[in-house]
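Chain by chain, the residues run as shown.
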Amino acid sequence: MNVDGASEETAVTTSQMERNLRLMPVLSALATSAAWQPVFVLFSTREFGLHNALLLSSLFFLAGVVLEIPSGWASDNLGRIGTLRIAAVSWIIAEAAFTAGSGSLPIVAIGQIALAAGFAFTSGTDVAYHFDTLEALGREEEFAERQSRVRAIGFVAKGVCALIGGALGLLDLRITFLFALVIAITQLGVSMAMYEPPRPSERVPFKTGLLNSLGYLRNAQVAWFFGYLVLLATLHHLSEALMQPWLAEVLGKTPEELGGTPLFSGAVLAVIGIIGAASAARLSRRFGSVPVLIGYAVLSALIVTAMASSISFIAVSMLALRSLNGAASDVLVSHEVSMRVGRFNRATLISCASMLGALGYSGYFTVVSGDESGNVGTYLDRFALTAWIIAGVVFLSACWVWSRSRASSVSNEVLARKDA
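First, a word on what this report is: a plain description of the structure on this page.

About the cut-offs
Sequence order sets the numbering: in each chain, residues are counted from 1 along the sequence as written. Under the rules for a predicted model, residues below a pLDDT of 70 receive no local features and side-chain atom pairs below 80 are neither given nor counted, while totals for whole chains, interfaces and linings still include all residues. Calculation of side-chain values draws on the structure's entire complement of heavy atoms; hydrogens and water are dropped beforehand. Runs of H or I in DSSP of at least four residues are treated as helices and runs of E of at least two as strands, each being numbered from the N terminus. Each residue is assigned to one of three classes by its accessible area relative to the maximum for its type, calculated with a 1.4 Å probe on protein chains only: buried under 20%, partly exposed between the two thresholds, exposed over 50%. Here, two residues are considered to be in contact whenever any of their heavy atoms come within 4.5 Å of each other. Surface accessibility in these figures is a Shrake-Rupley result with a 1.4 Å probe; residues are shielded only by whichever protein chains are displayed. Here a Phe, Tyr or Trp ring, Trp counted by its six-membered ring, pairs with any other such ring whose centre lies within 6.5 Å, and the pair is stacked when the planes are under 30 degrees apart, edge-to-face when over 60, and tilted otherwise. Patches draw on residues past 30% relative accessible area with no salt bridge. Two like charges within 9 Å are joined, as are two nonpolar side chains (Val, Leu, Ile, Met, Phe, Trp, Tyr) within 5 Å. The rule for a salt bridge is simple: a side-chain nitrogen of Lys or Arg has to be within 4 Å of a carboxyl oxygen of Asp or Glu. To obtain an axis, a line is fitted to C-alpha atoms, over the contacting stretch when the element is a helix, and the angle between two such axes runs from 0 to 180 degrees between their N-to-C directions. Handedness of a crossing follows from how the near helix is turned relative to the far one, being left-handed for an anticlockwise turn of less than a right angle and right-handed for a clockwise one. Gly is placed with the polar residues, together with every amino acid not listed as nonpolar (Ala, Val, Leu, Ile, Met, Phe, Trp, Tyr, Cys and Pro) or charged (Asp, Glu, Lys and Arg). What we call a nonpolar core is a set of buried Ala, Val, Leu, Ile, Met, Phe, Trp, Tyr and Cys residues that are connected through their side-chain atoms within 4.5 Å.

### Details of the overall build of the protein chain
For step 1, the next point in the chain: For the protein chain, the count of helices and strands is 16 helices and zero strands.
For step 2, the next point in the chain: A total of 420 residues make up the protein chain; the buried ones form 55% of that total.
For step 3, the next point in the chain: Within the protein chain, counting contacts between residues at least 6 apart in sequence, those at least 24 apart form 85% of the total.
For step 4, the next point in the chain: Accessible surface, the protein chain as shown: approximately 17,100 Å² in total, 65% of it carbon and sulfur.

### Side note on the environment of Ala120
For step 1, the next point in the chain: Here Ala120 is to be found in helix α4 (residues 105-122).
For step 2, the next point in the chain: Here the alpha-carbon distance between Ala120 and Ser354, two residues 234 residues apart in the chain, equals 8.1 Å.
For step 3, the next point in the chain: With residues near it in sequence (within four places) discarded, Ala120 still touches Leu67, Glu68 and Ser71.

### As for the packing of aromatic side chains
For step 1, the next point in the chain: As enumerated under the stated definition, the model contains 14 aromatic pairs in all.
For step 2, the next point in the chain: Plain terms: the ring middles of Phe131 and Phe143 are 5.1 Å apart, the flat faces sit at 75 degrees to each other, and that makes the pair edge-to-face. A residue pair is termed long-range when its members are at least 10 positions apart, and Phe131 in helix α5 (residues 125-136) and Phe143 in helix α6 (residues 143-171) qualify at 12 residues.
For step 3, the next point in the chain: For the ring pair Trp224 and Tyr228, a centre distance of 5.5 Å and an interplane angle of 35 degrees mean the geometry is tilted. With Trp224 and Tyr228 both in helix α9 (residues 220-238), this residue pair falls four residues apart, about one helical turn. The two residues Trp224 and Tyr228 agree in class, both being buried.
For step 4, the next point in the chain: Here a set of aromatic residues connected by ring pairs shows up, and it is made of Trp36, Phe40, Phe43, Phe98 and Phe177.

### Digging into a nonpolar patch on the surface
For step 1, the next point in the chain: Together, Leu62, Leu356 and Leu359 make up a nonpolar patch on the protein surface, roughly 230 Å² of accessible area in all.
For step 2, the next point in the chain: When you line up the elements, Leu359 lands in helix α15 (residues 346-368).

### Some details on the packing of α9 against α15
For step 1, the next point in the chain: Packing of α9 against α15 leaves a shortest axis separation of 8 Å and a crossing angle of 40 degrees. The way α9 lies across α15 gives a crossing that is right-handed. For the pair α9 and α15, contact is made by Val222, Phe226, Leu229, Val230, Ala233, Thr234, His237 and Leu238 and by Leu349, Ile350, Cys352, Ala353, Leu356, Gly357, Ala358, Gly360, Tyr361, Tyr364 and Phe365, respectively.
For step 2, the next point in the chain: Partitioned by chemical class, the residues of the contact of α9 with α15 number 15 nonpolar, four polar and no charged.

### Quick word on the environment of Phe40
For step 1, the next point in the chain: Tracing the backbone shows Phe40 in helix α2 (residues 37-78).
For step 2, the next point in the chain: For Phe40, a relative accessible area of 7% gives the class buried.
For step 3, the next point in the chain: For Phe40 and Arg174, which are 134 residues apart along the polypeptide, the C-alpha to C-alpha distance reads 9.7 Å.

### Details of the nonpolar core
For step 1, the next point in the chain: Counting 88 residues, the largest nonpolar core has Trp224, Phe225, Tyr228, Leu293, Phe365 and Phe383 as the members making the most contacts within it.
For step 2, the next point in the chain: At 12 residues, the largest contribution of residues to this core is made by helix α16 (residues 376-419).
For step 3, the next point in the chain: If near-sequence neighbours (up to four positions away) are discounted, Phe225 is found in contact with Val290, Leu293, Val333, Glu336, Val337, Arg340 and Trp402.
For step 4, the next point in the chain: In terms of nonpolar packing, the next biggest core, distinct from the first, is built from eight residues, Met17, Leu21, Phe131 and Leu137 among them.

Quick look at the structure:
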C-alpha cells in the first residue's frame, strides 16, 4: 500500500516508513558517536602544535562553509537518504586519513575537509528526514517527542563511544580513529537499509530553492531561531575547542606526556552525553523553547568562564552542564523551524544557518589563532568574553522579537473587537 499523498511523488509503502522509524535511533547513534573526539585535539596538538591544531579547526569550519548550502539543496531536491549516505562515506574517508596521517599535516587536513563534509551533509538532513518520514505517515505531531528520544539515544552513544575512544587512545591514538572508521562503515550499511520518504519528481533550481528558503526569514520568529543557530556554532564550541589540552593541564600533563588524559577526556565526554540524554526531552517539555534557549546561552558563558578562571576538578564538574545545551538546543530549534518552514525548504534553511555559523566560528578562530604566543589560559579568557557577548545578543534579541509579537497580537485583538 502506498502512503497517502504519494501518488504524484516517489512511491513508498507504510512498512518502509515504519522501518525508517525503527532504524532512525540506530543511525543517529552511529552518526553522533564521534569516537575520535576525546583524542583529536590531543593528536593534532602533539603532532603539529597548538597553533596548527587551531588552524586545522578553522579549516574544518571553512570547509563546512563551502559545503553547507549545496548539501542542504541536495537534501531538499535530490533526496534525504542519499545525502546521509554521502555523509557516511565522507566520514569513512576522514577516519582513514586520521589513521594514516600521523606526522603529515596535508593528510590530516584532507581528513578535516572530509569530516566537515560529513557534518555538512548530515546538518539539517537527519532532522528533515525524520520529520518527512512522520509526515508521510500522517504522524508529524509526534516529531518533537520522537526527535528528543532519538537525540537522547545519540548522546548516550556519544558518551559510551567517547569513553571507549579515550580508553583506546591510551594504547595508541590511531586505534581510536580505527574504531571510528568501523563505526562510519556501519553507519553506511544502516543507511543503505533505509528508504526515501515521498517527494515530488520535479527538481527546484538551486537559486530558486535558496531564495524560497531565505524568504521565510521575513518572519521575525523564524529569523530569531535562524540567528540562534548561527551563534550556536561559535557558542557551543568555545568550551569544546580547547577542552582536551585544558584537561591535560588539570592532570598536570603536557600534550607530549598524555598519561591518562585520553581516558579522562573520554570519561568527561561520557558523563556529558549521559546527562544530556536524561535532561533534553524533560527540559524542553517543562519550559518554553525561547527561555530554555536563552538559559543555555547563559550557561555556556558560565562554563567557559569557569574554565578560564580555574584549572581544577571543580571546573571540570561544570563541563557536564554543557551537555544541556547540545542535547536540547538542536531539538528545540529544529522543531520550531520545521513547524514554520515548508517541507522542501527546511534542510536548505538550516544549512544556511550552519554555513553562516561555520563562517563566523572559523573566522573567529583564524583571528584568535594568529597569536602564536597565546597559551590555553589566554585563549580561554578571550573565549569567555566572546561567550558573554553572544549570550547578551541572544537575550536582547529575544526580548525584542517576542515583545513585538505580543504587541502585534494585542493590536490584532483590538482590531477584531472593533470589527465586531
